[in-house]
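# Commentary on secondary and tertiary structure
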Amino acid sequence: AAKRAFFQDTYKYATRVYFTGFKKHWWKYLIYGTLVAGLLSDVGIEIYRLLGAQQLGTADALDYCLAIIPAVVAFPVVCILFIMMGLTVTHALTFCQVFKNAVVILVNNLVCVPFLTLVTIAPFVIYFYMGLPGNVVIYLLMVGFGFFIFALMWIAMADRGMVKCRIL
């Protein structure tokens, strides 16, 4: 539905479009979402362990390495997974072609893609650091506007990246 809205394709029944897209791409998004959630959870757990060791005064170089290295490795992987989500619905490519094109788009857009990834991750990071009233507000904003805006943002990024790659 976000793809059709981005390309200004009119459709009468939004729920039918949604479930058609769900039926076609659910397994791919399950893989992408599981990998993103797993990577972000791993980074969060390691940062949590580092903060605990700092409070106890037992933090050493290994604790810092175990917190920083997964974050440095996970960030480009999360960028690629977000691009893959947009490419999946905008172009009829195989899974391997989507991965290769996502890597090329990331390399060709080294400023835009990391910025959009930070914008996408920011509400979730804020959600875990705020108390209950802030969480309710963030939850309502994400359900009302955020997820649709993020979907449009990544579809636009994938389409822009593919157009740029074709031009180059």
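Preceding this paragraph is the structure being described.
Note that the coordinates shown come from a computational prediction; the quantities given were computed from them, not determined experimentally. (Residues numbered from 1 in each chain as written. Predicted model: local features only at pLDDT ≥ 70, side-chain atom pairs only at ≥ 80, totals over all residues. Heavy atoms only, no water.)

Along the backbone of the chain there are six helices and zero strands. Along the chain, from the amino end to the carboxyl end, the secondary structure elements read α-α-α-α-α-α. Taken across its 168 residues, the chain has 32% of its residues classed as buried. Across the chain, contacts joining residues at least 24 apart in sequence account for 70% of those joining residues at least 6 apart. For the chain, the accessible area works out to roughly 10,900 Å², and carbon and sulfur atoms hold 73% of it. (Helix = DSSP H or I, 4+ residues; strand = E, 2+ residues; numbered from the N terminus. Buried < 20%, exposed > 50% of the residue type's maximum accessible area, 1.4 Å probe, protein only. Contact = heavy atoms within 4.5 Å. Areas by Shrake-Rupley, 256 points an atom, 1.4 Å probe, with all protein chains shown as cover.)

The subject of this paragraph is the nonpolar core. Among the nonpolar cores identified, the biggest contains 26 residues, and F82, I83, M84, L87, V113 and W154 are the most heavily contacted of them. Elements represented by at least two residues in this core include exactly α2 (14-56), α3 (61-90), α4 (95-108), α5 (112-129) and α6 (132-167). If you tally residues by element for this core, the top one is α3, at nine residues. (Core = buried A, V, L, I, M, F, W, Y, C linked by side-chain atoms within 4.5 Å.)

A word on the packing of α3 against α4. Where α3 contacts α4, the two axes come as close as 8 Å, and the packing angle between them is 120 degrees. As the angle between them shows, α3 and α4 are arranged oblique. The way α3 lies across α4 gives a crossing that is right-handed. Side by side, α3 and α4 meet where P76, C79, I80, I83, M84, L87 and T88 of the first sit next to F95, V98, F99, N101, A102, V103, I105 and L106 of the second. (Axes fitted to C-alpha atoms, helices over the stretch in contact; angles between N-to-C directions. Parallel < 35°, antiparallel > 145°, perpendicular 65-115°, else oblique. Left-handed = near helix turned anticlockwise from the far one by under 90°.)

Here we come to the pattern of salt bridges. Inspection of the entire model under this criterion finds one salt bridge. One salt bridge in this structure joins R49 and E46, with 3.3 Å as the shortest N-O distance. Separated by three residues within a single helix, R49 and E46 lie in helix α2, roughly one turn from each other. (Salt bridge = Lys/Arg side-chain N within 4 Å of Asp/Glu carboxyl O.)

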